[in-house]
Amino acid sequence: TSGSLRPLRMLFLGAPGSGKGTLTSRLLRAFPQVGSVSSGDLLRQQMAEKTEIGKLAAEYISRGELLPDEIMTRLLIRELDSRQWLTSRATWLLDGFPRTDIQAISLHSALKAYNADLNLVVELKVPESVILARIVNRYVHVPSGRVYNLSYNPPKVPGIDDVTGEPLSRRPDDTAEVFQRRLDKYHATLKPLREYYAQAGILKTVYGETSNIIFPQLEALVKDSFAVQYVAKQI
Ligand code: G5P
Ligand code: MG
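The following paragraphs examine the structure supplied in this document.

## Some words on the site of ligand 1
Step number 1: Surveying the vicinity of ligand 1 reveals 33 residues, the closest of which are Thr22, Glu65, Arg99, Arg182 and Ser211.
Step number 2: The contact in question runs from an oxygen atom of ligand 1 to an N or O atom on the backbone of Gly17, over 2.8 Å.
Step number 3: Bound to the protein, ligand 1 loses 95% of the 1100 Å² it would expose on its own.
Step number 4: Taken together, the elements giving at least two residues each to the shell around ligand 1 come down to helix H1 (20-30), helix H2 (39-48) and strand S6 (146-149).

Encoded structure:
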């Protein structure tokens, strides 16, 4: 029975452009009790508000570099805390954090105290040629983190967010040069992170050239093993 199943606390691992944001939105529609936080979206919101972290983030992000581990860990734990998600009953999904083994270890020690550790890590594997073709067409709505692609999921009105009617923008780190650096960074930091979660016995991998192919695999991983309400038909 669902009574013996655990609440979902999941991390998405995947290269820049692999579809973490896109698949997060789809998962939240299928599993409406689950909440999500994207570290990149948090940083872009701080940048828009021109906070101290936002100013720092702008420098790192524009170069395609990762921000220091301590800063990211503090930011994300503060965010989880402010949403009252540091409890063993909470069910949530993280996109983009932890992304180094040091961040993983820090998050683990913080969550242990609340008996609220991660219990599923899903690595997205999408061919690099496919990813590169997507990025030139990406538009984002910064306040919500919603992502669009001019060919795959275009906004109803060009340049305008479907939900709020506010303007969309391009990401400053989506230029060919910076994007390549982000991909290289990802591959350089992935191995120890992946090993850490494989050791913990919670790492799963899904493969596919499109989010439509990946999504059902993801849905199955969550539906069968976690106590979360499932909405089969999505509009
Ligand atoms: P972010 O914001 O975490 P990345 O680099 O991890 O950025 P990104 O670029 O946001 O990841 P994504 O979320 O995996 O990619 O992909 P997405 O936006 O959903 O999809 C990409 C595009 O493809 C979209 O246009 C989408 O519509 C389209 N698409 C999706 N599926 C399909 C499909 O099937 N077909 C087609 N044709 N298109 C599709 O991090 C940014 C920066 O913040 C800092 C770093 O500087 C980082 O570079 N940062 C951190 N630094 C240190 N530690 C951390 N933990 C940090 N987190 C963030
Ligand atoms: Mg994203």
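We are not done yet, so read on.
## A short note on the nonpolar core
Step number 1: Counting residues in each nonpolar core, the largest one holds 54 residues, and the members touching the most others are Met10, Phe12, Leu94 and Leu118.
Step number 2: Element by element, the count of residues in this core is highest for helix H7 (residues 176-199), at six residues.

## Overview of the environment of Thr73
Step number 1: If you trace the backbone, Thr73 turns up in helix H4 (residues 69-82).
Step number 2: The sequence separation of Thr73 and Ser106 amounts to 33 residues, and the corresponding C-alpha distance is 7.0 Å.
Step number 3: Setting aside residues no more than four positions away along its own chain, Thr73 makes contact with Phe97, Gln103 and Ser106.

Rules and cut-offs
- Residues numbered from 1 in each chain as written.
- Chains lettered and ligands numbered in written order.
- Predicted model: local features only at pLDDT ≥ 70, side-chain atom pairs only at ≥ 80, totals over all residues.
- Heavy atoms only, no water.
- Near = heavy atom within 4 Å.
- Polar contact = N/O pair within 3.5 Å; in protein donor to acceptor, adjacent residues only side chain to side chain.
- Areas by Shrake-Rupley, 256 points an atom, 1.4 Å probe, with all protein chains shown as cover.
- Helix = DSSP H or I, 4+ residues; strand = E, 2+ residues; numbered from the N terminus.
- Core = buried A, V, L, I, M, F, W, Y, C linked by side-chain atoms within 4.5 Å.
- Buried < 20%, exposed > 50% of the residue type's maximum accessible area, 1.4 Å probe, protein only.
- Contact = heavy atoms within 4.5 Å.

By themselves, these figures tell us nothing about what the structure is for.
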